[in-house]
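# Examining the three-dimensional arrangement
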Amino acid sequence: MRFSVVNRDYVSNETRRIPLKILNYIDIILFFIILFLKLVTYGREISPEYFDSSVTKPIFASLLVIFSFSFLFKGKRRTAYLIIIDLIISLILISDIAYFRYNKDIITVSAVQTAKLLVGVKSSVADVLSIKDFLYLLDIIILVPVFIYFKSINKNSIKLKFRLILFLIILALGVGLDIKVFHEVNVEQPTLLTAMSNRIYLTKMIGNLNFHVVDAYNFTSTKVKNSKKLPEKRKSAISNYLQNNNSVGGIKFKSEGSGKNLIMIQVEALQGFVVNKSINGKEITPNLNKWVNKSLYFDNYFYQVAQGNTSDAEFMSLNSLYPAQSGAAYYTYAGNTFDSIPKALGEKGYYTAALHGYSEGFWNRNVMYKSEKFDDFYGQTSYKNNQTVGMGLSDESFLNQSLEKMKTFKQPYFSFLITLSSHYPFNDTDGYEKYTTDKLDVGEYKNTLLGNYLEGIHYTDEELGKFLDKLDKEGITKNSIIVLYGDHFAIPKENINQLYSFEGIKDPTDLTWYEYQKVPMFIHFPDDNHKGVNHAYSGQMDLYPTIANMYNIDNKYMFGRDVLNVNDGDSTNVTFRNGSFTDGNVFYVSWTNTYYDIKTGKKVKETPELKKKKEAATTKLEYSDDLLNHNLLKSFPK
Ligand code: GP9
Ligand code: MN
């Protein structure tokens, strides 16, 4: 047969050509393997339990994109390109590892920009670098001379047309794979890419290189958006607006807190409906109910968070500024100047500390707390991790250890505590049950999201109760004002029907939904002074102005109102990030452009007066955005 005849010439030509071909690409192959291994090793190094094999896909995708460009170069230039890429990536990884050692997080552009904020008092660059980090550069040290020596083997004299085709194919492959990776993230956690709440998790999902690209993109797009100078007229309009809005200086509760400690507790997913509510004959939150009765309780207090979730609740409560339009203010505006509660109290000689038993970098707290001028942040690494419930360190252990720390604080102090155990999806019911002395029987709700939440918040309630009782016993309450509030919803919109059926609600409207977005807030005064219920419609934006009046803090630039001294009716104007608002009588729902009468629950027509209020709500949000985007607090007169 014709084809069975072996052509000796042909074979020898081919065998010679194949190794030649591989040699033609040897630099690409080598650097690809090396960088792939470096990126995988990096993940393992910072978190072996977290970075499983799933991270290889995004690493592969991003390397394909970067390597596709190497085909545009010829000969020595291509190798030079690869060496430079290798060098850049290695330096990024070394910096990331060093940064992680101290901050337990991944570097961001804004963190680099605010580098002065990042270095802790006791640390220096040398402290966080280790000799073995430089192993990431070892290949370059070895390979550069090798390539120089063997430059003759790497002729890569491939035709331009062929190189262009290879470039396009590999680029398309890389981009395609990357799109898939990003799509998966978006489906799983839609706000993760913009809000960047959990950077380590995001890095695991999209790989270190993609993370830095997304971060740089977020950073520059915000910068570009805000690069236009704000006209002076606009600046003074904002400043005037805020000075007119300034409600500090009211008569009621003036100076109540002067010289006293301020203990602020932000409770994870504490929603209003659980207060004073029972299930199967047992109170869900018996301890909070007891403290509500000893305190000034606000039963129409709303959370106003946006994409920044917990961090938005903190941001508003500590600064009385609105959350970012998209993403998280704690990330986007971490380099700004703030006139926060810790800053103001610090200036009055207070010691100020934030305490939270979870990863320091989560929600960029490690960076933001410095901008907010906390003296110290006690995060995960400041706690003994001796008991886990839910997402991490249990509330019991966290609150016990926090109390011990607080006892050593120089008085007067401001302690800001953030709990964790009652975090969505509340599925650690084993943990909740194990550490609750008085188990809650949720009956038919067992193993539903709502039932699990009730068990979770029942557990947290018990721990909060123990903590507050200890503050009492230690005599701390005598000399402190305690503020406790919920950060945001527990039951998301898609599960809201579970809550409605639990509450026996038949025909819910958007107004009903909003009425369920209340979170408890109470202020406890020494000797249970001023106890009672305040029904004013108010929200997280109003906390700082209310406290400012009690502590004689002179801050003119807050968007909220002192809820204890409002004179325009009984309520403050609660504006939500999406433009919805309520004045306590009418509720405007922005996504349907509908007004509801709160008392009757019926829709009402827009009046010129309501329209004005609607526009005022938007103006307020735009002012807040401008203030943040242009860092106006830095230049506003004090
Ligand atoms: C973790 C915690 C949770 O530190 O504050 O934040 P969340 O997911 O509720 O926004
Ligand atoms: Mn939260």
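Numbers given for residues are sequential positions, taken from 1 along each chain in its written order. For naming, the first written chain is A and the first written ligand is 1, with later ones following in the order written. Selection of residues for local features in this predicted model requires a pLDDT of at least 70, selection of side-chain atom pairs for listing and counting requires 80 or more, and totals for whole chains, interfaces and linings are taken over all residues. By convention in this description, side-chain values take in all heavy atoms of the structure and omit both hydrogens and water.

## Quick word on the coordination of the manganese ion (ligand 2)
Here is the rule: In this listing, donors mean N, O and S atoms no farther than 2.8 Å from the metal, or 3.2 Å for Na, K and Ca; water is missing from the atoms, so a site can look incomplete. Here a site with four donors is tetrahedral if all angles are between 85 and 135 degrees, and a site with four or six donors is square planar or octahedral if opposite donors are over 155 degrees apart and the other angles are between 65 and 115; anything else gets the irregular label. The secondary structure listing takes helices from DSSP runs of H or I that are at least 4 residues long and strands from runs of E that are at least 2 residues long, numbered from the N terminus. Each residue's exposure class comes from its accessible area (1.4 Å probe, protein chains only) as a fraction of the maximum for that residue type: buried when under 20%, exposed when over 50%, partly exposed otherwise.
Taken together, the protein ligands of the manganese ion (ligand 2) are E268 (OE), E268 (OE), T310 (OG1), D487 (OD) and H488 (NE2), with distances of 2.0 to 2.5 Å. Each of the 6 donor atoms around the manganese ion (ligand 2) contributes to a set of angles spanning 56 to 168°, which defines the coordination as irregular. When the donor residues of the manganese ion (ligand 2) are listed from N- to C-terminus, their spacing reads E-x41-T-x176-D-H. Here T310 is found in helix α14 (residues 309-319), whereas its partner H488 is found in the loop between β11 (480-486) and α21 (496-503), with 178 residues between them in sequence. The class for T310 is buried, based on a relative accessible area of 7%. With a relative accessible area of 5%, H488 lands in the buried category.

## So, the sheet that holds strand β17 (residues 586-589)
So the rule is basically this: When DSSP finds two or more bridges between a pair of strands, those strands are recorded as paired.
Spatially, 5 strands are ordered β15-β16-β17-β18-β19 in an open sheet, and the strand pairing comes out antiparallel. A single partner strand is all that each edge strand has here, and the edge strands are β15 (574-575) and β19 (603-604). As defined by bridge partners, β15 adjoins strand β16 (residues 581-582) across 2 bridges and the pair is classed as antiparallel. Note on β16: the bridge partner recorded for V574 is T582.

## Digging into helix α20 (residues 449-473)
Let me state the cut-off plainly: One fewer than the residue count of a helix, multiplied by 1.5 Å, yields its expected span.
Taking 1.5 Å of rise per residue, 25 residues should cover 36 Å, and α20 covers 36 Å from first to last C-alpha, within 8% of that figure. In terms of burial, α20 is largely enclosed, as 20 of its 25 residues are buried.

## Some remarks on the sheet that holds strand β4 (residues 296-298)
Our working rule: Angular values range over 0 to 180 degrees, each being the angle between N-to-C directions of two axes fitted as lines to C-alpha atoms, with helices fitted over their stretch in contact.
Taking strand neighbours across the sheet as the criterion, the 8 strands line up as β7-β6-β10-β1-β11-β12-β4-β13 in an open arrangement whose pairing is mixed. For this open sheet the edge positions go to β7 (376-378) and β13 (532-534), each flanked by a neighbour on one side alone. Here the average twist between neighbouring strands, direction ignored, is 15°. Relative to strand β10 (residues 413-418), strand β6 (residues 351-356) is paired through 6 bridges, and the arrangement is parallel. By the bridge assignment, A354 is partnered in β10 with F416.

## Re the layout of surface pockets
Here is the rule we go by: In the cavity and pocket records, a cavity denotes points on a 1 Å grid over the protein atoms alone where a 1.4 Å probe fits but cannot get out, a pocket denotes an open set with protein on both sides within 12 Å along at least 5 of 7 lines, and lining residues are residues with an atom within 4 Å of a point. Grid points are joined across faces, edges and corners, and a volume is the space filled by probe spheres set on the points. Under the grouping applied here, Gly and all other residues not named as nonpolar or charged are polar, the nonpolar ones being Ala, Val, Leu, Ile, Met, Phe, Trp, Tyr, Cys and Pro and the charged ones Asp, Glu, Lys and Arg. Per the annotation, domain bounds derive from an automatic or database assignment of domains.
Taken as a whole, the largest pocket encloses approximately 1,400 Å³ of empty space. Lining the largest pocket are 50 residues, and of these T191, N309, H488, F489 and P492 sit closest to its centre. At the level of elements, α10 (192-195), α14 and α22 (510-515) are the ones that each hand at least two residues to the lining of the largest pocket. Per-class residue counts for the lining of the largest pocket are 27 nonpolar, 16 polar and 7 charged. Counting residues domain by domain, the lining of the largest pocket receives three or more from each of domain 1 (2-226) and domain 2 (254-575).

## A few points about the site of ligand 1
Just so we agree on the cut-off: Here, proximity means that at least one heavy atom of the residue falls within 4 Å of the molecule or strand. Each polar contact in these results corresponds to two N or O atoms within 3.5 Å; when the atoms are within protein, one needs to be able to donate a hydrogen and the other to accept it, and residues that are neighboring in sequence are counted only if both atoms are side-chain atoms. What sets the accessible areas is the Shrake-Rupley method with a 1.4 Å probe; for residues, cover comes only from the shown protein chains. Put plainly, a molecule is in a cavity or pocket when over half of its atoms are within 2 Å of the grid points there.
The environment of ligand 1 is made up of E268, N309, T310, H356, Y358, F362, W363, R365, M391, L420, H423 and H488. Between ligand 1 and T310, the relevant distance is 2.6 Å, taken from an oxygen atom to a side-chain nitrogen or oxygen of the residue. Contacts to ligand 1 include H356, whose side-chain N or O atom sits 2.6 Å from an oxygen atom. Considered on its own, ligand 1 offers 310 Å² of accessible surface; in the complex 95% of this is hidden by protein. The site holding ligand 1 turns out to be the largest pocket.

## Considering the domain arrangement of the protein chain
Let me state the cut-off plainly: By the convention used here, residues are in contact when the closest approach between their heavy atoms is within 4.5 Å. In this description, buried area is defined as the sum, over both parts, of the accessible area (probe of 1.4 Å) that is lost when the two are combined. Any Lys or Arg side-chain nitrogen located within 4 Å of an Asp or Glu carboxyl oxygen qualifies as a salt bridge.
Entries for the protein chain in the domain assignment read domain 1 (2-226) and domain 2 (254-575). If you average the C-alpha positions of domain 1 and of domain 2, the two centres end up 42 Å apart. Taken together, the contact between domain 1 and domain 2 spans 19 residues of the former and 18 residues of the latter. Here domain 1 packs against domain 2, burying approximately 1,600 Å² in sum over the two surfaces, 55% of which is carbon and sulfur. Our enumeration of links across domain 1 and domain 2 arrives at 0 salt bridges. Counting across the domain 1 and domain 2 interface gives 3 residue pairs in polar contact (both at pLDDT 80 or more). Among the elements of the structure, α4 (75-103), α6 (115-118), α10 and α11 (199-225) are those that each provide at least two residues to the side of domain 1 that touches domain 2. In the side of domain 1 that touches domain 2, the residues fall into 5 nonpolar, 10 polar and 4 charged.

## What to know about the pairing of β11
For β11, the buried fraction is high: 7 of the 7 residues fall into the buried class. Pairing geometry for strand β1 (residues 261-267) and β11, over 7 bridges, is parallel. Across the sheet, the residue bridging to V267 is G486, located in β11. In the sheet, β11 pairs with strand β12 (residues 521-524) via 4 bridges, with the strands oriented antiparallel. Paired with Y485 across the two strands is M521, which belongs to β12.

## Quick look at the pattern of salt bridges
Here the structure, examined in full by the defined rule, presents 31 salt bridges. When the shortest N-O distance is used, the salt bridge between D86 and K38 registers 2.8 Å. Pair noted here: D86 is in helix α4 and K38 is in helix α2 (residues 26-46), with a separation of 48 residues, a long-range link. In this structure, D339 and K343 form a salt bridge, with 3.1 Å as the shortest nitrogen-oxygen distance. The pair D339 / K343 is uniform in exposure class, with both members buried. Residues joined in a network through salt bridges with shared partners are K38, D86 and D139.

## Topic: the packing of helix α3 (residues 56-68) against α11
Packed helices, taken two at a time, are described by their axes: the angle between them and the distance between them. Applied cut-off: Our angle categories are set so that under 35 degrees counts as roughly parallel, over 145 as roughly antiparallel, 65 to 115 as roughly perpendicular, and the remainder as oblique. Crossings are classed by handedness, with left-handed meaning an anticlockwise turn of the near helix from the far one by less than a right angle and right-handed meaning a clockwise turn.
α11 packs onto α3 with a crossing angle of 25° between their chain directions and a minimal axis gap of 7 Å. Considering the angle they form, α3 stands roughly parallel to α11. Handedness of the α3/α11 crossing: right-handed. Together, P58, S62, L63 and I66 of α3 and K204, M205, I206, G207, L209 and N210 of α11 make up the contact between the two elements. Split by residue class, the contact of α3 with α11 holds 6 nonpolar, 3 polar and 1 charged.

## A closer look at the confidence of the model for the protein chain
Stated precisely, the cut-off is as follows: One confidence number per residue, pLDDT, is output by the predictor and ranges from 0 to 100.
When pLDDT is averaged along the protein chain, the result is 90; 92% of the residues meet or exceed 70. A low-confidence stretch, residues 1-19 stays under pLDDT 50, and its non-local contacts, those more than four residues away or across chains, total 1 contact. In the model, residues 116-123 has pLDDT below 50 throughout and makes 15 contacts with residues more than four positions away in sequence or in other chains.

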